[in-house]
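Here's the letter readout for the chains.
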Amino acid sequence: MTENYEVLVIGGGAAGLNGALMLARARRSVLVVDGGEPRNAPADGVHALLGHDGVPPAELLARGRDEVRRYGGHLTEGRVETVDRDGDGFAVALADGRRVRAGHVLVATGLVDELPDVPGLRERWGRDVVHCPYCHGWEVRERPIGVIGSGPMSVHQTLLFRQWSDDVVYLRHTAPPLTDEQAEQLAARGVPVVEGEIAAVETVEGRLTGVRLRDGRTVEREVLTVAPRMVARAGFLAGLGLRPQPHPSGMGEHLPADESGRTDVPGVWVAGNVTNLSAQVGAAAAAGAWTAAMINADLVQAETQRAVEAHRGAREGG
């Protein structure tokens, strides 16, 4: 770790590491700062990722870190406290007091899943409490599934999980009442609707067995799914005027950017779940690579402009 880099990558997940890999291979000086709190840490494996289906998340990231180092990229553990403008670049302060300067910043810190306040739900998260059918559907196929109503996408989530099991129940919990169209869709797909707020998740000998409602009723289930409220990890950008904004889907808050990953603050870029709440590991990694290529193109353009100006100056001076 030195004091000055062309690009600082904040976040060492799939998006951040693939971005750093692309930049290191482009012979850029790059540092990855990672807080060590990957979103998918509770999961047994990463799924639907070509060539790596089922690989443990920690193993995938370890491979990625080795690949970044192979091309001269630097990595360090730490949590970024603030990012401030410093001339034509940025001054970045870490929680442990270290400081680093970078010309560009790639933010790939991902998001935080905010779950409903139901006792026992968080403890089962990533095991038999899941949210993404494409990440976990195969693993819970043909099992009794209960979908907890928690937001605007809950009915859609229910209809998706119905693809993997004939035994799906919609637990409305605190979600808005169903529209006539939604009620018809669930009925047509054979999905019963259970009214009533959930009081707790029930387990027996470390195994999920269902939920208990506030009126005392229990609903037996082996798997629960819930759509969390997803909020981008980006508080450290407040000094630049960048703050998470409500996502158009209603699923949470993200950092808006254009298709290249460029934000409204010149030199600050985003990739992965911090801007795309629904991106799986493969999509996040691809976004990191794409945005890194855009950063490198931006650097090449600036370098070329300086070279042209110097060339003109040399000709005029000669």
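In the block above lies the structure referred to throughout.
First, a word on what this report is: a plain description of the structure on this page.

Re the overall build of the chain
Helix and strand content of the chain: six helices and 19 strands. Per-residue burial for the chain yields a buried fraction of 45% across its 318 residues. Partitioning the contacts of the chain with sequence separation of at least 6, the portion at a separation of at least 24 is 57%. Counting every atom, the chain has about 15,800 Å² of accessible surface; 49% of that belongs to carbon and sulfur. Charge centroids of the chain, computed over 33 positive and 42 negative side chains, lie 4 Å from each other.

Looking at the packing of aromatic side chains
Following the criterion strictly, the structure yields one aromatic pair and no others. Their ring planes at 85° and their centres at 5.7 Å tell us that Tyr134 and Trp164 sit as a pair that is edge-to-face. In this pair, Tyr134 sits in helix H3 (residues 133–136) while Trp164 sits in the loop between helix H4 (154–161) and strand S10 (168–171), placing the two residues 30 residues apart along the sequence. The ring of Trp138 has Arg141 lying over it, and the distance from NZ or CZ to the ring centre is 4.0 Å.

Some details on the environment of His52
With respect to the helices and strands, His52 occurs in the loop between strand S2 (30–34) and helix H2 (57–70). Counting along the chain gives 230 residues from His52 to Gly282, while the straight-line C-alpha distance between them is 9.9 Å. Discounting chain neighbours no more than four positions away, the residues touching His52 are Val46, Leu60 and Arg63. A polar atom in the side chain of His52 sits 3.1 Å from the side chain of Arg63.

Observations concerning the pairing of S10
Of the two faces of S10, the one lined by Val168 and Tyr170 and the one lined by Val169 and Leu171 are each fully buried. Two elements, strand S9 (residues 145–148) and S10, share four bridges in a ladder whose sense is parallel. Residue Ile148 lies in a different strand from S10, and its bridge partner there is Leu171. The β-α-β motif built from S9, the intervening H4 and the parallel element S10 has right-handed crossover chirality. In this region the chain leaves S10, passes through helix H5 (residues 180–188) and returns to the parallel neighbour strand S11 (residues 193–194); the handedness of that crossover is right-handed.

Here's the deal with unusual backbone geometry
Among all residues except glycine, the phi angle is most often negative; among peptide bonds, the trans geometry is most common. Phi is positive for Arg27, which is not a glycine, with a value near 65°. With respect to the helices and strands, the residue Arg27 is situated in the loop between helix H1 (14–25) and S2. Even without glycine at this site, Glu142 takes up a positive phi of about 60°.

Let's talk about the sheet that holds strand S12 (residues 198–204)
Sheet architecture is open: three strands sit in the order S12-S13-S14, paired in antiparallel fashion. At either margin of the open sheet sits one strand with a lone partner, and together these are S12 and strand S14 (218–220). Ignoring which end each strand starts from, the neighbouring axes of this sheet average 30° apart. Bridge count for S12 against strand S13 (residues 207–213) is six bridges, and the pairing is antiparallel. Of the residues in S13, the one forming a bridge with Ile198 is Leu213.

Details of the nonpolar core
One broad trend across soluble globular proteins is that nonpolar side chains are buried collectively. Formed by 25 residues in total, the largest nonpolar core has its most connected members in Leu8, Val80, Val83, Val107 and Leu237. Secondary-structure elements contributing two or more residues to this core are strand S1 (4–10), S2, strand S4 (80–86), strand S5 (89–94), strand S6 (99–107) and strand S19 (268–270). Take this core: its biggest share by element is four residues, from S6. Those residues in contact with Val80 that lie beyond four places of it in its chain are Ile10, Val33, Val92, Ala93, Leu94 and Phe236. If you look at the next biggest cluster of nonpolar residues, it comprises 20 residues, including Val9, Ala20, Ala108 and Ile295.

Definitions and cut-offs
- In this convention, every chain numbers its residues from 1, walking through the sequence in written order.
- Per-residue local features are limited, in this predicted model, to residues with pLDDT of at least 70; the limit for side-chain atom pairs, both in listing and counting, is 80 or more; totals at the level of whole chains, interfaces and linings are taken over all residues.
- The basis for the side-chain values is all heavy atoms of the structure; hydrogens and waters are excluded.
- Runs of H or I in DSSP of at least four residues are treated as helices and runs of E of at least two as strands, each being numbered from the N terminus.
- Using a 1.4 Å probe on the protein chains alone, a residue whose accessible area is under 20% of its type maximum counts as buried, one over 50% counts as exposed, and one in between counts as partly exposed.
- Contacts between residues were defined by any pair of non-hydrogen atoms, one from each residue, lying within 4.5 Å.
- Working definition of accessibility: Shrake-Rupley area with a 1.4 Å probe, residue cover restricted to the visible protein chains.
- By the counting scheme adopted, Arg and Lys are positive, Glu and Asp are negative, and His together with the chain ends is not counted.
- Charge placement uses NZ in Lys and CZ in Arg. For Asp and Glu, CG and CD serve respectively.
- Centre distance within 6.5 Å is the pairing criterion for rings of Phe, Tyr and Trp, where only the six-membered ring of Trp is used; planes under 30 degrees apart are then read as stacked, over 60 as edge-to-face, and the remainder as tilted.
- Charge over a ring is defined by NZ of Lys or CZ of Arg lying within 6 Å of the ring centre and within 35 degrees of the ring normal.
- Each polar contact in these results corresponds to two N or O atoms within 3.5 Å; when the atoms are within protein, one needs to be able to donate a hydrogen and the other to accept it, and residues that are neighboring in sequence are counted only if both atoms are side-chain atoms.
- In short, DSSP must find at least two bridges between two strands for them to pair.
- For the handedness criterion, the strands are oriented away from the viewer, and a crossover whose path from the first strand over the helix to the second runs clockwise is classed as right-handed.
- Helix axes use the C-alpha atoms of the stretch in contact, all axes being lines fitted to C-alpha atoms, and the angles between their N-to-C directions lie in the range 0 to 180 degrees.
- The criterion is simple. A nonpolar core is a set of buried Ala, Val, Leu, Ile, Met, Phe, Trp, Tyr and Cys residues joined through side-chain atoms within 4.5 Å.

Fair warning: the whole summary comes from geometry, so function is off the table for now.
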